[in-house]
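# Observations on chain architecture
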Amino acid sequence: DAGVTQSPTHLIKTRGQQVTLRCSPKSGHDTVSWYQQALGQGPQFIFQYYEEEERQRGNFPDRFSGHQFPNYSSELNVNALLLGDSALYLCASSHLRTVSGYTFGSGTRLTVV
Amino acid sequence: AQTVTQSQPEMSVQEAETVTLSCTYDTSENNYYLFWYKQPPSRQMILVIRQEAYKQQNATENRFSVNFQKAAKSFSLKISDSQLGDTAMYFCAFFPQETGNTPLVFGKGTRLSVIA
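As the structure is a computational prediction, the values presented were derived from the model and not from experiment.

A tally of regular secondary structure across chain A gives 0 helices and 11 strands. Along the chain direction, N to C, the helices and strands of chain A fall in the order β-β-β-β-β-β-β-β-β-β-β. Considering only C-alpha atoms, chain A reaches an extent of 40 × 25 × 25 Å along its principal axes. With an accessible surface of roughly 5,200 Å², chain A has 47% of that area assigned to carbon and sulfur atoms. Taken as two groups, the 9 positive and 9 negative side-chain charges of chain A have centres that lie 9 Å from each other.

Structural data, given as C-alpha coordinates:
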(Lines give C-alpha, C1' and ligand atoms only; values in the text may rest on other atoms or scores of the structure.)
Protein backbone atom coordinates (compact mmCIF):
# COMPACT_ATOMS: atom_id res chain seq x y z
CA ASP A 1 0.00 0.00 0.00
CA ALA A 2 1.66 3.16 -1.21
CA GLY A 3 1.88 5.97 1.26
CA VAL A 4 2.05 9.64 0.39
CA THR A 5 4.22 10.38 -2.62
CA GLN A 6 5.74 13.80 -3.25
CA SER A 7 7.66 15.06 -6.25
CA PRO A 8 10.22 16.29 -6.88
CA THR A 9 12.41 15.45 -3.89
CA HIS A 10 14.73 18.40 -4.42
CA LEU A 11 14.38 21.61 -6.37
CA ILE A 12 16.50 24.71 -6.90
CA LYS A 13 14.85 27.89 -8.18
CA THR A 14 15.83 31.50 -8.68
CA ARG A 15 14.20 34.43 -6.92
CA GLY A 16 11.09 35.61 -8.76
CA GLN A 17 10.42 32.28 -10.42
CA GLN A 18 7.38 30.10 -9.91
CA VAL A 19 7.35 26.50 -8.65
CA THR A 20 4.85 23.64 -8.56
CA LEU A 21 5.10 20.79 -6.08
CA ARG A 22 3.04 17.62 -6.35
CA CYS A 23 1.51 15.19 -3.89
CA SER A 24 -0.31 11.88 -4.29
CA PRO A 25 -2.21 10.92 -1.14
CA LYS A 26 -2.34 7.56 0.52
CA SER A 27 -4.93 5.19 -0.95
CA GLY A 28 -8.30 5.77 0.70
CA HIS A 29 -7.50 9.32 1.82
CA ASP A 30 -9.50 12.26 0.48
CA THR A 31 -7.91 15.27 2.19
CA VAL A 32 -4.52 16.81 1.52
CA SER A 33 -2.73 19.31 3.76
CA TRP A 34 0.46 21.19 2.95
CA TYR A 35 3.05 22.29 5.47
CA GLN A 36 6.19 24.42 5.22
CA GLN A 37 9.09 23.42 7.44
CA ALA A 38 11.96 25.90 7.63
CA LEU A 39 15.33 24.60 8.76
CA GLY A 40 15.32 23.83 12.47
CA GLN A 41 11.62 24.62 12.86
CA GLY A 42 8.39 22.70 13.20
CA PRO A 43 6.03 22.39 10.23
CA GLN A 44 3.74 25.38 9.61
CA PHE A 45 0.31 24.80 8.09
CA ILE A 46 -0.18 26.34 4.63
CA PHE A 47 -3.60 25.06 3.54
CA GLN A 48 -5.84 22.03 3.27
CA TYR A 49 -7.84 20.70 0.33
CA TYR A 50 -10.95 18.55 0.35
CA GLU A 51 -13.37 17.92 -2.52
CA GLU A 52 -11.15 20.02 -4.77
CA GLU A 53 -11.62 23.12 -2.64
CA GLU A 54 -9.37 24.95 -0.21
CA ARG A 55 -11.05 24.39 3.16
CA GLN A 56 -8.68 26.10 5.53
CA ARG A 57 -5.63 28.27 5.21
CA GLY A 58 -2.76 29.21 7.46
CA ASN A 59 -0.97 32.54 7.63
CA PHE A 60 0.61 32.44 4.18
CA PRO A 61 0.39 35.08 1.42
CA ASP A 62 -1.58 34.69 -1.78
CA ARG A 63 1.63 33.77 -3.58
CA PHE A 64 0.95 30.33 -2.20
CA SER A 65 -1.89 28.60 -4.00
CA GLY A 66 -2.99 25.06 -4.55
CA HIS A 67 -5.22 22.68 -6.34
CA GLN A 68 -6.77 19.29 -5.74
CA PHE A 69 -7.72 17.00 -8.59
CA PRO A 70 -10.62 14.52 -8.81
CA ASN A 71 -8.23 11.66 -7.94
CA TYR A 72 -7.41 13.54 -4.67
CA SER A 73 -3.85 14.37 -5.72
CA SER A 74 -2.75 17.93 -5.09
CA GLU A 75 -0.38 20.64 -6.23
CA LEU A 76 1.20 23.48 -4.33
CA ASN A 77 2.16 26.52 -6.39
CA VAL A 78 4.37 29.34 -5.19
CA ASN A 79 4.75 32.48 -7.32
CA ALA A 80 7.38 35.20 -7.17
CA LEU A 81 9.72 33.10 -5.08
CA LEU A 82 11.63 34.75 -2.26
CA LEU A 83 14.78 33.56 -0.55
CA GLY A 84 12.65 32.98 2.57
CA ASP A 85 10.57 30.41 0.74
CA SER A 86 13.49 27.99 0.96
CA ALA A 87 12.20 25.14 3.10
CA LEU A 88 11.03 21.56 3.20
CA TYR A 89 7.45 21.32 1.96
CA LEU A 90 5.51 18.43 3.45
CA CYS A 91 2.28 16.97 2.19
CA ALA A 92 0.00 15.05 4.55
CA SER A 93 -3.07 13.09 3.57
CA SER A 94 -5.99 12.01 5.71
CA HIS A 95 -9.59 10.97 5.54
CA LEU A 96 -11.93 13.78 6.49
CA ARG A 97 -14.07 11.53 8.69
CA THR A 98 -11.18 9.79 10.40
CA VAL A 99 -9.67 11.61 13.33
CA SER A 100 -5.92 11.83 13.46
CA GLY A 101 -5.25 9.69 10.40
CA TYR A 102 -2.49 11.90 8.98
CA THR A 103 0.15 10.26 6.80
CA PHE A 104 3.10 12.37 5.71
CA GLY A 105 5.25 12.24 2.60
CA SER A 106 9.01 12.68 2.63
CA GLY A 107 8.74 16.23 1.41
CA THR A 108 10.21 18.42 -1.30
CA ARG A 109 13.32 20.38 -0.40
CA LEU A 110 13.04 23.77 -2.16
CA THR A 111 16.08 26.02 -2.34
CA VAL A 112 15.65 29.55 -3.68
CA VAL A 113 18.87 31.27 -4.78
CA ALA B 1 -5.52 29.59 18.88
CA GLN B 2 -3.71 26.50 20.01
CA THR B 3 0.03 26.62 20.64
CA VAL B 4 2.55 23.87 21.33
CA THR B 5 5.83 24.52 23.13
CA GLN B 6 8.87 22.27 23.23
CA SER B 7 11.42 23.85 25.53
CA GLN B 8 14.35 21.53 24.80
CA PRO B 9 15.90 22.29 21.39
CA GLU B 10 18.46 19.50 21.76
CA MET B 11 18.98 16.47 23.98
CA SER B 12 21.32 13.54 24.06
CA VAL B 13 21.18 10.13 25.74
CA GLN B 14 23.44 7.13 26.03
CA GLU B 15 22.36 4.00 24.22
CA ALA B 16 20.13 1.79 26.43
CA GLU B 17 19.34 4.67 28.77
CA THR B 18 16.00 6.47 29.24
CA VAL B 19 15.22 9.99 28.08
CA THR B 20 12.18 12.25 28.50
CA LEU B 21 11.18 14.95 26.04
CA SER B 22 8.91 17.76 27.25
CA CYS B 23 5.90 19.37 25.63
CA THR B 24 3.33 21.86 26.86
CA TYR B 25 0.34 23.20 24.99
CA ASP B 26 -2.30 25.83 25.30
CA THR B 27 -5.92 25.34 24.27
CA SER B 28 -9.45 26.13 25.34
CA GLU B 29 -10.70 22.87 23.85
CA ASN B 30 -11.75 20.05 26.13
CA ASN B 31 -11.53 17.21 23.64
CA TYR B 32 -8.42 16.80 21.51
CA TYR B 33 -5.59 14.51 20.48
CA LEU B 34 -1.89 14.88 21.19
CA PHE B 35 0.87 13.25 19.17
CA TRP B 36 4.57 12.71 19.11
CA TYR B 37 6.10 12.49 15.65
CA LYS B 38 9.63 11.40 14.78
CA GLN B 39 11.44 12.93 11.81
CA PRO B 40 14.70 11.12 10.93
CA PRO B 41 17.15 12.43 8.32
CA SER B 42 14.97 10.76 5.68
CA ARG B 43 12.59 13.68 6.42
CA GLN B 44 9.38 11.64 6.59
CA MET B 45 7.25 12.44 9.62
CA ILE B 46 6.51 9.18 11.45
CA LEU B 47 3.84 8.86 14.11
CA VAL B 48 5.35 7.57 17.36
CA ILE B 49 2.43 7.70 19.76
CA ARG B 50 -0.91 9.41 20.27
CA GLN B 51 -3.07 10.27 23.26
CA GLU B 52 -6.79 11.08 23.38
CA ALA B 53 -7.45 13.80 25.93
CA TYR B 54 -10.54 12.06 27.32
CA LYS B 55 -8.49 8.99 28.27
CA GLN B 56 -6.84 9.18 31.67
CA GLN B 57 -4.55 6.24 30.98
CA ASN B 58 -1.21 7.21 29.48
CA ALA B 59 -0.53 5.78 26.02
CA THR B 60 2.28 3.25 25.54
CA GLU B 61 3.86 1.87 22.36
CA ASN B 62 6.67 -0.58 23.08
CA ARG B 63 9.63 1.51 24.33
CA PHE B 64 7.68 4.77 24.01
CA SER B 65 5.29 6.08 26.64
CA VAL B 66 3.77 9.42 27.54
CA ASN B 67 3.01 11.29 30.73
CA PHE B 68 -0.19 13.20 30.00
CA GLN B 69 -1.19 15.81 32.57
CA LYS B 70 -4.37 17.41 31.23
CA ALA B 71 -4.80 20.01 33.96
CA ALA B 72 -1.20 21.14 33.56
CA LYS B 73 -1.46 20.88 29.75
CA SER B 74 1.70 18.82 29.68
CA PHE B 75 2.52 15.90 27.40
CA SER B 76 6.01 14.41 27.76
CA LEU B 77 7.48 11.50 25.84
CA LYS B 78 9.63 8.88 27.55
CA ILE B 79 11.90 6.68 25.46
CA SER B 80 13.20 3.64 27.30
CA ASP B 81 16.20 1.52 26.26
CA SER B 82 17.26 4.17 23.73
CA GLN B 83 18.60 2.86 20.44
CA LEU B 84 20.83 4.50 17.83
CA GLY B 85 17.89 4.46 15.44
CA ASP B 86 15.98 6.76 17.78
CA THR B 87 18.25 9.62 16.73
CA ALA B 88 15.92 12.13 15.05
CA MET B 89 13.89 15.31 15.48
CA TYR B 90 10.85 14.78 17.67
CA PHE B 91 7.77 16.96 17.31
CA CYS B 92 4.83 17.30 19.64
CA ALA B 93 1.54 18.06 17.87
CA PHE B 94 -2.03 18.98 18.81
CA PHE B 95 -5.29 18.15 17.03
CA PRO B 96 -8.86 19.03 18.08
CA GLN B 97 -11.09 15.99 18.37
CA GLU B 98 -13.77 17.09 15.98
CA THR B 99 -13.20 15.76 12.48
CA GLY B 100 -12.94 18.09 9.60
CA ASN B 101 -10.49 20.47 8.18
CA THR B 102 -8.59 21.43 11.30
CA PRO B 103 -4.84 21.18 10.86
CA LEU B 104 -2.23 19.68 13.13
CA VAL B 105 -0.35 22.27 15.19
CA PHE B 106 3.31 21.42 15.78
CA GLY B 107 5.92 22.50 18.27
CA LYS B 108 9.39 23.55 17.13
CA GLY B 109 10.87 20.16 17.86
CA THR B 110 13.60 18.56 19.96
CA ARG B 111 16.68 17.11 18.31
CA LEU B 112 17.55 13.85 20.06
CA SER B 113 20.95 12.24 19.67
CA VAL B 114 21.52 8.71 20.94
CA ILE B 115 25.19 8.12 21.69
CA ALA B 116 26.84 4.71 21.52
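Attention now goes to the sheet that holds strand β8 (residues 74-78) of chain A. All names here are of chain A. Reading across the sheet, the 4 strands line up as β1-β3-β8-β7 and stay open at both edges, with antiparallel pairing between neighbours. Edge positions in the open sheet fall to β1 (5-7) and β7 (64-68), since each of these has one partner strand only. Taken pair by pair, the neighbouring strands of this sheet meet at an average axis angle of 20 degrees, ignoring direction.

It is worth spelling out the layout of surface pockets at this point. Roughly 300 Å³ of volume is contained in the largest pocket. Around the largest pocket, the lining is made up of 18 residues, and of these R109(A), Q39(B), P40(B), M89(B) and R111(B) lie nearest the centre. Elements that contribute at least two residues to the lining of the largest pocket include exactly β10 (88-96) and β12 (110-115) of chain B. Of the residues assigned to the lining of the largest pocket, the class counts are 9 nonpolar, 6 polar and 3 charged. Looking at the second largest pocket, it is lined by 15 residues, and the ones nearest its centre are P43(A), Q44(A), F45(A), V105(B) and F106(B). When contributions to the lining of the second largest pocket are tallied by element, the ones reaching two or more residues are β5 (44-50) of chain A together with β11 (105-106) of chain B.

Taken as a whole, this structure holds 18 aromatic pairs over all chains when the rule is applied. On the numbers, 5.7 Å between centres and 75 degrees between planes, the contact of Y102(A) with F95(B) is edge-to-face. One end of the pair, Y102(A), is in the loop between β9 (87-94) and β10 (103-104); the other, F95(B), is in strand β10, on a second chain. The class of Y102(A) is buried, set by a relative accessible area of 9%.

Before going further, it helps to spend a moment on unusual backbone geometry. All names here are of chain A. Going from S7 to P8, the amide bond is cis rather than trans, its omega being -10 degrees. By the element assignment, P8 lies in the loop between β1 and β2 (10-13). The phi dihedral of E52 is positive, around 65 degrees, even though this residue is not glycine. With respect to the helices and strands, the residue E52 is situated in the loop between β5 and β6 (53-57). Residue class for E52 comes out partly exposed when judged on its relative accessible area of 43%. At A80, a position not held by glycine, the phi torsion is positive, near 50 degrees.

Thresholds applied
Residues numbered from 1 in each chain as written. Chains lettered and ligands numbered in written order. Predicted model: local features only at pLDDT ≥ 70, side-chain atom pairs only at ≥ 80, totals over all residues. Heavy atoms only, no water. Helix = DSSP H or I, 4+ residues; strand = E, 2+ residues; numbered from the N terminus. Areas by Shrake-Rupley, 256 points an atom, 1.4 Å probe, with all protein chains shown as cover. Lys, Arg positive; Asp, Glu negative; His and termini not counted. Charge placed at Lys NZ, Arg CZ, Asp CG, Glu CD. Pairing = 2+ DSSP bridges. Axes fitted to C-alpha atoms, helices over the stretch in contact; angles between N-to-C directions. 1 Å grid on protein atoms, 1.4 Å probe; cavity = no way out; pocket = protein on both sides within 12 Å on 5 of 7 lines; lining within 4 Å. Points joined across faces, edges and corners; volume = space filled by probe spheres on them. Nonpolar A, V, L, I, M, F, W, Y, C, P; charged D, E, K, R; others polar. Phe/Tyr/Trp six-rings, centres within 6.5 Å; stacked < 30°, edge-to-face > 60°. Buried < 20%, exposed > 50% of the residue type's maximum accessible area, 1.4 Å probe, protein only.

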